[in-house]
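Overview (structure and organization)
So you can see what is in the structure, the chains are spelled out below.
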Amino acid sequence: MIKIENLSKVFEQDGRRVAAVDGVDLEVGRGEICVLLGPSGCGKTTTLKIINRLVVPSGGRVLVDGQDTAEFDAITLRRKIGYVIQQVGLFPHMTVEQNIGIVPRLLGWTPERRRARALELLDMIGLEPQQYVGRYPRELSGGQAQRIGVARALAADPPILLMDEPFGALDPVSREALQDEFLAMQQRLGKTIIFVSHEIDEAVKMADRIAIFRSGRIVRQGTPDAVLSDTSDAFVAGFIGRDRALKRLRRHHCREILEPCNRAFARGAPSVTPEDDLRTALSMLVEADLDALPCYQPDGNIAGMVRLARIRGLLDGGAELEAAS
Amino acid sequence: MNARVLRIMGILGIVAALCAWAILSGGAAAVLKYRREIVHLTGQHIMLVVYSGGPAIVVGVILGIVLTRPSMRRVCEPVMQVLSIATAIPTLAIIALAMMALGVGRAPALVALFLHALLPIVRNTVEGLRQLPSAELESARGMGMTPSQTLFLVELPEALPIIAQGVRVALVINVGVAPLAYLVGGGGLGDLIFSGIDLFEPAMMLAGAIPTAALAVTLDFVLSRLTVLLVSPGIRNDDAVVTTT
């Protein structure tokens, strides 16, 4: 869907040439979330802005569906790519409806169609349409504003979404909530998403694919599991942190390692559901000093059990499997 | 809202008291002797303000827009400084200079008033456009707005309260400066004021001064109402929008 080839961007700064992006190659498949991860000033945002041509590259090219974006008119290109930034950038003099309807308006939709689309999107992002459609940005909380920001980017139903630390300015609780909502939405929408983040936890949670940036280059890329289990590079290992096992377990769920329940668990003992992630399961195992937990379906029927040994086995074996793919 | 009503009531009360005093003391009759001149010269006065202020708004706003375009970033500061210095020249001196070039009559007065009104309008337009958060400009661009769409859909509507404030200040001050037009034969209520002073005729002077003041206050009120109507409720600086979460 999106293919970046040998991309570079050189800025002139005080007479010196600084390479913000330096030979980046990246491929993102249709419907994938690719997270560009790295410390500030590593070139991830510049790379993102080259994709919708807010920044013109010094070298290399970006292909969308096999077509070089340099051949498109930049204005037309941007209207086909959703764009969400950390500061949201809603226009304070426009209502929520007008803000969501901007790209449709630029594309010449009728007011009725724009309104219908705004109502539909508000419903999708979980804000009561009639209550919010006429509000102004200053009447919204930070989380609500960012939801509208996402709705605005989705308004004309672009196949590609670029998101620059979209949840970075939110408090941890709303951030988690928005990430979850966004992932649930993405399940249905299947957009191709490039997502800039400086936070490893966010990246591991959101990404189908992670590219770790350092000084304008990609130092590692792959599935979150592969990136997390890679210890060969000191920079990557340092960036991920020494608790990478926990981070990996967050991506896996109890249902993946369920075993038939062959022992009796006390009533009221700690238990999990198949959809709980393994980090939660591990935490409960450690806390209760057990080597296995019962796993119940939401309706109360036993689904199986989760053993500590299987969690360990997953951390050992999974890495090579994922890295090879 | 209540405070505003009280304030208006208070002002009306003072005006009523002054009127009563003026009528009872016979001063009102002396001033109203000049009512035909008042009507005629008020018309001229308004024209002086309109013919100088109208072009000043058009030129000032356009100049402000041009100066804030990214390609003009280097030129903006020097131009603003030149304009500030030009405004420091007393209006009287500008009228005198304009008279040397254009002779007597309305033209030199209009030129002086135009220049006088220009700076507040340019300055506020530049400031209003400059204070726009860069995040909004970036998202406008990122969504595929052309530069002119960004200007008309985002920049100007958002800068409008500040631009309108500049226009208001410029025009209201112009009403107060316009009497100087008398000195070059430009007409307006200055005729009554200056003649009244020269002839030691307080009633004649007041016949010019009171309508001038009334005109300034009325214009200020009308322009502030107009601003409220034009500015989006989302950025209006009042208590009309109740913030809820």
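Residues numbered from 1 in each chain as written. Chains lettered and ligands numbered in written order. Predicted model: local features only at pLDDT ≥ 70, side-chain atom pairs only at ≥ 80, totals over all residues. Heavy atoms only, no water.

1. A closer look at the overall build of chain A
Counting its regular elements, chain A contains 14 helices and twelve strands. The C-alpha atoms of chain A give 22 Å as radius of gyration, which agrees with the globular expectation for 325 residues (20 Å, within 12%). In terms of overall dimensions, chain A has a C-alpha envelope of 65 × 50 × 35 Å along the principal axes. Across the 325 residues that make up chain A, the buried fraction comes to 51%. Pairs at least 24 residues apart make up 66% of the contacts formed inside chain A by residues separated by at least 6 positions. Surface exposure of chain A reaches about 14800 Å², of which carbon and sulfur atoms provide 47%. If you average the places of the 42 positive and of the 44 negative side-chain charges in chain A, the two averages end up 4 Å apart. (Helix = DSSP H or I, 4+ residues; strand = E, 2+ residues; numbered from the N terminus. Rg over C-alpha atoms; globule rule 2.2 N^0.38 Å. Buried < 20%, exposed > 50% of the residue type's maximum accessible area, 1.4 Å probe, protein only. Contact = heavy atoms within 4.5 Å. Areas by Shrake-Rupley, 256 points an atom, 1.4 Å probe, with all protein chains shown as cover. Lys, Arg positive; Asp, Glu negative; His and termini not counted. Charge placed at Lys NZ, Arg CZ, Asp CG, Glu CD.)

2. Examining the sheet that holds strand β9 (residues 209–214) of chain A
Residue and element names in this part refer to chain A. Here we have six strands laid out as an open sheet, ordered β6-β7-β8-β3-β9-β10, and mixed in their pairing. Whereas interior strands pair on both sides, the edge strands pair on one side only; in this sheet they are β6 (81–85) and β10 (217–222). Taking the axes of each pair of neighbouring strands and ignoring which way they run, one obtains an average angle of 15° across the sheet. In the sheet, strand β7 (residues 160–164) pairs with strand β8 (residues 192–197) via five bridges, with the strands oriented parallel. (Pairing = 2+ DSSP bridges. Axes fitted to C-alpha atoms, helices over the stretch in contact; angles between N-to-C directions.)

3. Focus on the interface of chain A and chain B
In this assembly, 26 residues from chain A lie in contact with 25 residues from chain B. By the criterion of area lost to chain B, the three top residues of chain A are F91(A), H93(A) and R138(A), representing 27% of everything that side buries. Put simply, K49(A) and E138(B) hold a salt bridge, and the shortest N to O gap is 3.7 Å. Scanning the region where chain A abuts chain B turns up twelve residue pairs in polar contact (both at pLDDT 80 or more). Of all the secondary-structure elements, those providing two or more residues to the side of chain A that touches chain B are α2 (74–79), β6 and α4 (102–106) of chain A. Tallying contributions element by element places α4(A) first for the side of chain A that touches chain B, with four residues. Tallied by class, residues from the side of chain A that touches chain B come to 14 nonpolar, four polar and eight charged. (Buried area = accessible area lost by both parts, 1.4 Å probe. Salt bridge = Lys/Arg side-chain N within 4 Å of Asp/Glu carboxyl O. Polar contact = N/O pair within 3.5 Å; in protein donor to acceptor, adjacent residues only side chain to side chain. Nonpolar A, V, L, I, M, F, W, Y, C, P; charged D, E, K, R; others polar.)

4. Description of the nonpolar core
Generally speaking, soluble globular proteins have nonpolar side chains that are buried together. Residues and elements named next belong to chain A. Formed by 45 residues in total, the largest nonpolar core has its most connected members in I100, L122, I148 and F182. The element best represented in this core is helix α7 (residues 142–154), accounting for six residues. The contact partners of L122, leaving out residues within four places of it in the chain, are V96, I100, L127, P129, Y132, V133 and I148. (Core = buried A, V, L, I, M, F, W, Y, C linked by side-chain atoms within 4.5 Å.)

5. A word on the pattern of salt bridges
Residues and elements named next belong to chain A. Taken as a whole, this structure holds 26 salt bridges over all chains when the rule is applied. Here R255 ties to E275 by a salt bridge, and the two come within 2.9 Å at their closest N and O atoms. In this pair, R255 is assigned in the loop between α12 (244–250) and α13 (278–288) and E275 in the loop between α12 and α13, connecting sequence segments 20 residues apart. As a salt-bridge pair, R263 and D291 come within 3.2 Å of each other at their nearest N and O atoms. With R263 in the loop between α12 and α13 and D291 in the loop between α13 and β11 (292–296), this residue pair connects regions lying 28 residues apart in the sequence. Judged by relative accessible area, R263 falls into the partly exposed class, the value being 36%. According to the relative accessible area criterion, D291 is partly exposed, its value standing at 45%. Members of the salt-bridge network, linked through shared partners, are E176, D180, K205 and R250.

6. Quick notes on a nonpolar patch on the surface
A cluster of nonpolar side chains, namely I46(B), M47(B), V50(B) and Y51(B), defines an oily patch on the protein surface of about 320 Å² accessible area. Mapped onto the secondary structure, I46(B) falls in helix α3 (residues 35–68). (Patch = residues over 30% accessible without salt bridge, like charges linked within 9 Å, V, L, I, M, F, W, Y side chains within 5 Å.)

7. Examining the pairing of β6(A)
All names here are of chain A. Counted residue by residue, β6 has five buried out of five residues, so it is predominantly covered. Here β6 shows no split at all, with I81, Y83 and I85 on one side and G82 and V84 on the other all buried. Pairing of β6 with β7, which is carried by five bridges, proceeds in the parallel orientation. Bridging across to β7, Y83 finds its partner in L162.

8. Observations regarding the confidence of the model for chain B
Residue and element names in this part refer to chain B. In the predicted model, chain B carries a mean pLDDT of 88, and the fraction of residues at 70 or more is 96%. Per-residue pLDDT stays below 50 along residues 239–245; that stretch engages in nine contacts with residues further than four places along the chain or on separate chains. Model confidence for the complex: the whole-complex pTM is 0.83, and ipTM, which rates the interface, is 0.82. (pLDDT = per-residue confidence, 0-100.)

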